[in-house]
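What follows is each chain in one-letter form.
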Amino acid sequence: MRKRSLVYTLLLHAVLIVVSLTMIVPFVWMILTAFKTAGEAIQLDPYVFFPTRFQFNSFIRVFTTNNFLNLYKNTLLLIAFRILCAVITASMAGFAFGRLKFKGSELAFSLVLVQMMIPSQIFIIPQYLMISKLGMTNTTFALVFPGLVTAFGTFLMRQAYKILPKDLEDAAKIDGLNIGKTFVLVLAPLTKSSLVALSVFTAVFAYKELMWPMIVNTSKDSLVLASALAKMKGQYVANYPELMAASLIACVPMIVLYFIFQKQFIEGIATSGGKL
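Quick caveat, the model's predicted, so the values are computed rather than measured. (Residues numbered from 1 in each chain as written. Predicted model: local features only at pLDDT ≥ 70, side-chain atom pairs only at ≥ 80, totals over all residues. Heavy atoms only, no water.)

Further remarks concern the packing of aromatic side chains. Across all of its chains, the model carries 13 aromatic pairs by this definition. With a centroid separation of 5.4 Å and an interplanar angle of 55°, the aromatic rings of F97 and F109 are classed as tilted. Of this pair, F97 sits in helix 4 (residues 68–99) while F109 sits in helix 5 (residues 105–117), and the two are twelve residues apart along the sequence. The buried category is assigned to F97, whose relative accessible area is 16%. Lying across the ring of F109, R158 places its NZ or CZ 4.1 Å from the centre. (Phe/Tyr/Trp six-rings, centres within 6.5 Å; stacked < 30°, edge-to-face > 60°. Helix = DSSP H or I, 4+ residues; strand = E, 2+ residues; numbered from the N terminus. Buried < 20%, exposed > 50% of the residue type's maximum accessible area, 1.4 Å probe, protein only. Lys NZ or Arg CZ within 6 Å of the ring centre and 35° of its normal.)

Turning next to the pattern of salt bridges. Applying the stated criterion across every chain yields a total of four salt bridges. A salt bridge links E242 to R61; the nearest nitrogen and oxygen atoms lie 2.5 Å apart. A residue pair is termed long-range when its members are at least 10 positions apart, and E242 in helix 14 (residues 240–260) and R61 in helix 3 (residues 57–65) qualify at 181 residues. The residue R99 makes a salt bridge to E169 at a minimum N-O spacing of 2.6 Å. Taken together, the positions of R99 in helix 4 and E169 in helix 9 (residues 167–174) put the pair 70 residues apart, joining distant regions of the chain. Judged by relative accessible area, E169 falls into the buried class, the value being 9%. (Salt bridge = Lys/Arg side-chain N within 4 Å of Asp/Glu carboxyl O.)

Time to look at the environment of F152. Mapped onto the elements, F152 comes out in helix 8 (residues 151–162). On the basis of relative accessible area, F152 is assigned to the partly exposed category, the value being 27%. Along the chain, F152 and V112 lie 40 residues apart, while their C-alpha atoms are 8.3 Å from each other. The residues contacting F152, other than those within four sequence positions of it, are M116, F201 and F205. (Contact = heavy atoms within 4.5 Å.)

We now examine the nonpolar core. If you look at the biggest cluster of nonpolar residues, it comprises 36 residues, and the most contacted ones within it are F59, F68, Y207 and L225. If one sorts the elements of this core by residue count, helix 14 sits on top with nine residues. Those residues in contact with L225 that lie beyond four places of it in its chain are F68, L71, Y72, T75, Y207 and A250. Counting residues in hydrophobic clusters, the runner-up holds twelve residues, among them M157, A160, F183 and L187. (Core = buried A, V, L, I, M, F, W, Y, C linked by side-chain atoms within 4.5 Å.)

The next subject is the packing of helix 11 (residues 192–208) against helix 14. In the contact formed by helix 11 and helix 14, the axes pass within 11 Å of each other and the chain directions differ by 175°. Our classification of the angle between helix 11 and helix 14 gives roughly antiparallel. From helix 11, A203, V204 and Y207 reach across to helix 14, where they touch A250, C251, M254 and L257. (Axes fitted to C-alpha atoms, helices over the stretch in contact; angles between N-to-C directions. Parallel < 35°, antiparallel > 145°, perpendicular 65-115°, else oblique.)

This next bit is on helix 10 (residues 179–187). Spacing of three or four residues puts side chains on the same side of an α-helix, whose turn is 3.6 residues. Within helix 10, the full set of buried residues consists of T182, F183 and L187. What you see down the axis of helix 10 is that its buried residues fit within an arc of 100°, all on one side. Turning to helix 10, the residues buried within the fold contact helix 4, helix 8 and helix 9. (Arc of directions from axis to C-beta.)

Here N138, not a glycine, exhibits a phi torsion of approximately 60°, which is positive. Its location among the elements puts N138 in the loop between helix 6 (124–134) and helix 7 (140–144).

Now for the side chain of T33. Assignment of secondary structure puts T33 in helix 1 (residues 2–34). Overall, the relative accessible area of 1% leaves T33 in the buried class. Residues within four places of T33 in sequence aside, it is in contact with A41, Y240, P241 and M244.

Counted at 1.5 Å a residue, the expected span for helix 8 with its twelve residues is 16 Å, and the 16 Å between its end C-alpha atoms agrees. All of the buried residues in helix 8 are A151, G153, T154, L156, M157, R158, Q159, A160 and Y161. A distance of 3.4 Å separates the backbone nitrogen of F152 from a side-chain oxygen at the start of helix 8, and that oxygen is part of T150. (Expected span 1.5 Å × (residues − 1). Polar contact = N/O pair within 3.5 Å; in protein donor to acceptor, adjacent residues only side chain to side chain.)

Note that all results are geometric; they support no functional claim without further evidence.
Here you go:
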């Protein structure tokens, strides 16, 4: 029995190591390619995994040809407004679906779940027409517009509010608090971990979004990191060291964000997913 348990443990660790490598190797390859020459990056026979000499020319050229401060500013504005909208609307909707009983609540929440299952690309044309009619193309509002409300955030916050004890609301009623004050003063502060998790998810979704920013923001001054990286690759030719250097620089905000909020992120997922 002990031998079988040891074999199972070894096999499990072997599988986990293989899966981990499949996720880590591309990231390591990106870092190493950023320090290669253009010839080493495309050399196949023999393949050059480690650069013969670490080059920093790609980083210098990327910084001189791209206004990264402006790209960071546009991207951070996009992320900040998306998070603000997601936290406000998802928290209120999650509270309504998770704690309030009203006619048609189940049907309304079912529609939210259906919206989660529909590919977001389907909404691009009507969303663009709305932004175009408002004359808001090439603006920060155009970038934020698809994230004004979030079905995923509504679902996540509903689960967070649903697992809170009913006694909290009863105590609030005894103290004379109405529904609004109960939401703001009593229940919302208890979902802090879930709100942080939602903020991290929203930041990641906004950061990696490519198609929508390229459609509504064609001006060079309003580009975000994802669309700027996409424009660096030509149709027939690509300078991979420069592309990888730019990608590495663009990854920094998300890496910093994750390490800062890692604990709250994991707590939020564990708490909100407790009764999925």
